[in-house]
Amino acid sequence: RVHPGETNSSWMMHGLLSFLVSSSPEAMALRDSVVFKIVPMLNPDGVVAGNYRCGLAGVDLNRRWRQPDPCLHPTIYATSALIEKLGTVGLY
């Protein structure tokens, strides 16, 4: 969830996590064969502040993926770095 107004994505994440930790045979098979890297919310500050599309820095974080600033866009910066790292070791 990047945009605070996207509350439906929080409900989807809740459902996904509830399923993945359940005793369902399908969930158990997935846990045995897949490593999940889950980032449930990329803009918690914007959500708490009640902004509709922006973080606390006043920018739309979806427009910062190419060159995120570690101070102004820390969640995008860290997530981008994680995706890059996983790509270099062949984990996605």
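*Asks:* It is not clear to me how the overall build of the chain should be interpreted in this structure. Could you clarify?
*Replies:* Helix and strand counts for the chain come out as 4 helices and 0 strands. Secondary structure of the chain in N-to-C order comes out as α-α-α-α. Over its C-alpha trace the chain gives a radius of gyration of 15 Å, far above what one expects of a compact globule, namely 12 Å for 92 residues. Over its C-alpha atoms, taken along the principal directions, the chain stretches across nearly 45 × 30 × 15 Å. Look at the contacts in the chain between residues 6 or more apart in sequence, and 39% of them connect residues 24 or more apart. When the accessible area of the chain is evaluated, it comes to approximately 6,600 Å², of which 61% is carbon and sulfur surface. Computed over 8 positive and 7 negative side-chain charges, the separation of the two mean positions in the chain equals 3 Å.

*Asks:* How should I be thinking about a nonpolar patch on the surface in this particular structure?
*Replies:* Taken together, the side chains of L16, L17, F19, L30, V34, F36 and I38 present a nonpolar region at the surface, about 490 Å² in accessible area. Per-element accounting of the nonpolar patch gives the leading share, 3 residues, to helix α1 (residues 7–20). Examined against the element boundaries, I38 turns out to sit in the loop between α2 (25–33) and α3 (44–49).

*Asks:* What should I look at first to understand the side chain of D60 in this one?
*Replies:* Within the secondary structure layout, D60 lies in the loop between α3 and α4 (74–88). Within the structure, the side chain of D60 is placed 3.2 Å from the side chain of R53, a separation counted as a polar contact.

*Asks:* What's the story with the nonpolar core in this structure? I'm lost.
*Replies:* Within soluble globular proteins, side chains that are nonpolar tend to cluster in buried spots. Among the nonpolar cores identified, the biggest contains 5 residues, and these are V2, L42, V59, L61 and I76. Excluding residues that lie within four positions of it along the chain, V2 makes contacts with L42, N43, L61 and N62.

*Asks:* So what exactly am I meant to see when it comes to the environment of G55 here?
*Replies:* Checked against the element boundaries, G55 lands in the loop between α3 and α4. The exposure class of G55 is buried, given its relative accessible area of 8%. C-alpha of G55 to C-alpha of L42: the two residues are 13 residues apart in sequence and 9.3 Å apart in space. Ignoring anything within four residues of it in the chain, the contact list for G55 reads N43 and G46.

*Asks:* It is not clear to me how the environment of A29 should be interpreted in this structure. Could you clarify?
*Replies:* Along the chain, A29 falls in helix α2. Sequence separation between A29 and G87 is 58 residues, and the spatial gap between their C-alpha atoms is 24 Å.

Calculation rules
Residues numbered from 1 in each chain as written. Predicted model: local features only at pLDDT ≥ 70, side-chain atom pairs only at ≥ 80, totals over all residues. Heavy atoms only, no water. Helix = DSSP H or I, 4+ residues; strand = E, 2+ residues; numbered from the N terminus. Rg over C-alpha atoms; globule rule 2.2 N^0.38 Å. Contact = heavy atoms within 4.5 Å. Areas by Shrake-Rupley, 256 points an atom, 1.4 Å probe, with all protein chains shown as cover. Lys, Arg positive; Asp, Glu negative; His and termini not counted. Charge placed at Lys NZ, Arg CZ, Asp CG, Glu CD. Patch = residues over 30% accessible without salt bridge, like charges linked within 9 Å, V, L, I, M, F, W, Y side chains within 5 Å. Salt bridge = Lys/Arg side-chain N within 4 Å of Asp/Glu carboxyl O. Polar contact = N/O pair within 3.5 Å; in protein donor to acceptor, adjacent residues only side chain to side chain. Core = buried A, V, L, I, M, F, W, Y, C linked by side-chain atoms within 4.5 Å. Buried < 20%, exposed > 50% of the residue type's maximum accessible area, 1.4 Å probe, protein only.

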